[in-house]
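If you want the building blocks of each chain, they are given just below.
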Amino acid sequence: MPPPVQIATKRIQQPRIGENGYEGFQSGKTETRPRGWNGFNAKALVSDILIEHDVEVVVRDGARLYVDIYRPADVKEKVPAVLSWSFYGKKYSALDMLPMCVWNCCVPSSDLSGLEKFEGLDPQIWCPKGYAIISVDSRGAGNSDGQICVMGTQDAEDGHDVVEAIAKMDWCNGSIGMAGNSALAISQWFIAAQRPPSLKAIAPWEGSSDIYREQFCRGGWFQMSNFDLIAKAIVRGPVNSGLEDFEEMYRRSNVSNAFWEDKRVDMTKIQCPVYIRGSDVSTIHTMGSIRGFLEVPHSSKWIQWGSKQEWYELYSVPQSTHELSVFFDRYLKGIENDWERTPKVRWSALQFGDREAIDDIVLEDFPSPTTEYRRFYLHGGQLKLQNSDYEKVSYDSEDFESFAEFSYTFEEPARLIGLPKAILYMSCDERDDFTAFVIIRKRDKNGKLLMHLNFPFAATPIKSIDDIPQKDQSSTNLHLGSVGILRASHREIDESRSIHPQFPFHPHKRQQKVKPGSIVKLEIGIFAMGIDYDAGETISVRVGGQFPSIAEYKSFSGPRPEHELNR
């Protein structure tokens, strides 16, 4: 059951016909959309698809959840099903969402049918392959009963019950999978940890695993991430529904408590095969993907690191669909194919600037056991291999443009793939707490700061990153470098729970304030990186007092209170 904590909620808007794909409550309606149907003027169907709208599933506490079932209309044998699970509307599609993004995330409407639940699989592609696609309105979303639970035990128990209910339907072969990006990936971790017997495989592509440490309170620094956008523009539910209010829950407890710990999945409970995807370029999901690979306690797990934005990779890269179909064919249909010969670890090395990344680098493990760890000392604006006398470097923590920068220029080519870490000795004269931000940037041979484009250049309207105007620079299309964050009062470490010595685990159970002017040691895990450096190129480590990368949909959130700000 959920944790014994009263949870604050925010009211949400009710669904309205014509908004976010909503067509009204249609329980009992069944229809067949024929081959050639193209109701959204996008991608036509290539086979007949039977759709059952608003099918009721009653979970263990009596709540009624509603799902849409898309399955092959002309297939008589039983088929497996793949769930698309989130509190976004079950008819809210990528066609609805992607216009909010710069360049539509380079996903043309011709790659979408409009039947896909946003971030989930498209029935247009998967029904002809012999799969049913189940689009779920989780608790409190759409017309489903209850209050919306964002991940955690309640949502996971509901998922368990829906998996088992779908598996028993007369058209299903009893094998259920889950797939999707982001919210649809996070939910897979939690539901799989409940071990529903019929869940045979999951494919969490870009899924965080700890909402406190990886999204809302990285390093103890609170920010609403993209969630205010989601709450205002996407989430809809019944008149008595509500959405968990993370801002209020943080105000009540700015350290981790039972509510926040319920949002951290126990990866060691996952038993089914797992096909993970992740990337450096995600601002949220990077470390959830890595923790999943490191902590899922069996060998039927694969991780593929990418260089592209997640929605583009899901919808506009045919190879992604091919590999996922081979994975599901193996575990949902029992087909003896070559999936298990797939390398367990494939990585990407970003090049930055106007160069495409190098993908599908096969590693023996992650982090690679052949990694040579190097310790660099910060001194005189440089990263030095030898320690020097101590010096003091200061920056104005209120100014985004003010930071301490330390650089190292490579004399020969180098490939940095793994988990970087910063150890800083810091103080603040004015306050008893402060937040430190670290970013790793790349400079070219002329000293120019570089960025990575999250799409193939051929898919974009530009020929060079320099052509992107400021207004079109977004976290969805550009990656500046990997970031680490730590609030000084949250510096405590529990080494027994660290996934790797390079990525310390902070329990966040108490605040240890700092006497103004006194020096404290901050050990900061930085999100994973994979970058190639040519001879003459430079790695730059910047330490500052403001978030150093591109914020995601920042304008949807209000300012944080004064006592949380750096001064």
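Position labels on residues start from 1 in each chain and follow its written sequence. Reporting of local features is limited, given that this is a predicted model, to residues whose pLDDT is at least 70; pairs of side-chain atoms are given and counted only at 80 or more, and all residues count toward the totals for whole chains, interfaces and linings. The side-chain figures draw on all heavy atoms in the structure; neither hydrogens nor water molecules are used.

A. Local environment of the overall build of the chain. Counting its secondary structure elements, the chain contains 11 helices and 25 strands. The reference for a compact globule is 2.2 Å times residues^0.38; the radius of gyration itself is calculated from the C-alpha atoms. The C-alpha radius of gyration of the chain comes to 24 Å, within 12% of the 24 Å expected for a compact globule of 567 residues. Reported as C-alpha extents along the three principal axes, the dimensions of the chain are approximately 75 × 50 × 45 Å. Expressed as a percentage of its 567 residues, the buried residues of the chain come to 62%. By definition, residues are in contact when any of their heavy atoms lie within 4.5 Å. Within the chain, contacts between residues separated by at least 24 positions form 75% of all contacts whose residues are at least 6 apart in sequence. Numbering of helices and strands starts at the N terminus; helices are DSSP runs of H or I of at least 4 residues and strands are runs of E of at least 2. Throughout this description, buried means an accessible area under 20% of the type-specific maximum (1.4 Å probe, protein chains only), exposed means over 50%, and partly exposed covers the range between.

B. Spotlight on the side chain of T460. Tracing the backbone through its elements, the reader meets T460 in the loop between β20 (452-453) and β21 (478-479). Each polar contact in these results corresponds to two N or O atoms within 3.5 Å; when the atoms are within protein, one needs to be able to donate a hydrogen and the other to accept it, and residues that are neighboring in sequence are counted only if both atoms are side-chain atoms. At 2.9 Å, the side chain of T460 and the backbone oxygen of F457 are in polar contact. Polar side-chain contacts of T460 include one of 3.2 Å to the backbone oxygen of I462. Those residues in contact with T460 that sit more than four places away from it in its chain are W103, C106, L453 and F455.

C. How the structure looks around the sheet that holds strand β7 (residues 172-181). Strands qualify as paired when DSSP identifies two bridges or more between them. Taken together, 11 strands build an open sheet; the order of strands is β2-β3-β4-β6-β5-β7-β8-β10-β11-β12-β13 and the sheet is mixed. Two strands in the sheet have a free side with no partner beyond their single neighbour: β2 (30-33) and β13 (358-363). For this sheet, the mean angle separating the axes of adjacent strands, direction not counted, is 20°. Pairing of β7 with strand β8 (residues 199-205), which is carried by six bridges, proceeds in the parallel orientation. Bridged to A179 within β8 is A203. Axes here refer to lines fitted to C-alpha atoms; in helices the fit is confined to the stretch in contact. Angles between the N-to-C directions go from 0 to 180 degrees. Against the sheet, helix α4 (residues 183-193) makes contact with β5 (79-86), β7, β8 and β10 (274-279), and its axis sits at roughly 130° relative to β7, the strand it touches most.

D. Expanded view of α4. Judged by how many residues are buried, α4 sits mostly within the fold: 11 of 11 residues are covered. Of all the positions in α4, only A183, L184, A185, I186, S187, Q188, W189, F190, I191, A192 and A193 are classed as buried. The elements touched by buried residues of α4 are β5, α3 (152-167), β7, β8, β10 and α9 (286-295).

E. Representation of the nonpolar core. Definition of nonpolar core: a set of buried residues of the types Ala, Val, Leu, Ile, Met, Phe, Trp, Tyr and Cys, connected through side-chain atoms within 4.5 Å. In this structure, F87 and F328 are the most contacted members of the largest nonpolar core, which totals 124 residues. One finds A414, L424, A436 and V514 within the second-largest nonpolar core, a separate group that totals 31 residues.

F. Focus on the pattern of salt bridges. Here, a salt bridge means any side-chain nitrogen of Lys or Arg that lies within 4 Å of a carboxyl oxygen of Asp or Glu. Evaluated as defined, the whole model comprises 46 salt bridges. R330 is the partner of E336 in a salt bridge, and the nearest nitrogen-oxygen pair spans 3.6 Å. Between D338 and R341 there is a salt bridge whose closest N-O contact spans 3.8 Å. One continuous salt-bridge network, built from bridges that share partners, spans D54, D68, K90 and K91.

G. A look at the environment of F87. By the secondary structure assignment, F87 is in the loop between β5 and α1 (94-97). As for F87 and I148, which are separated by 61 residues in sequence, their C-alpha atoms are 7.0 Å apart. Ignoring sequence-local partners within four residues, the contact set of F87 consists of S138, A141, I148, V150, M151, F227, I230, V235 and L243.

H. Summary view of the pairing of strand β6 (residues 132-137). Counted residue by residue, β6 has six buried out of six residues, so it is predominantly covered. By the alternation rule, side chains of β6 split into A132, I134 and V136 and I133, S135 and D137, which are all buried. Of the strand pairs in this sheet, strand β4 (residues 64-72) and β6 are connected by five bridges, and their pairing is antiparallel. In the strand pairing of β6, D68 is matched with S135. Two elements, β5 and β6, share six bridges in a ladder whose sense is parallel. By the bridge assignment, S86 is partnered in β6 with D137.

I. Fine view of the packing of aromatic side chains. Stacked, edge-to-face and tilted labels apply to pairs of Phe, Tyr and Trp rings (six-membered ring for Trp) whose centres lie within 6.5 Å, assigned for plane angles under 30 degrees, over 60, and everything in between, in that order. Throughout the structure, instances matching the rule amount to 38 aromatic pairs. With 5.0 Å between their ring centres and 85° between their planes, F25 and Y66 make a pair best called edge-to-face. With F25 in the loop between β1 (9-11) and β2 and Y66 in strand β4, the pair connects residues that are 41 residues apart, well separated along the chain. Residue Y66 is classed as buried on the basis of its relative accessible area, which comes to 6%.

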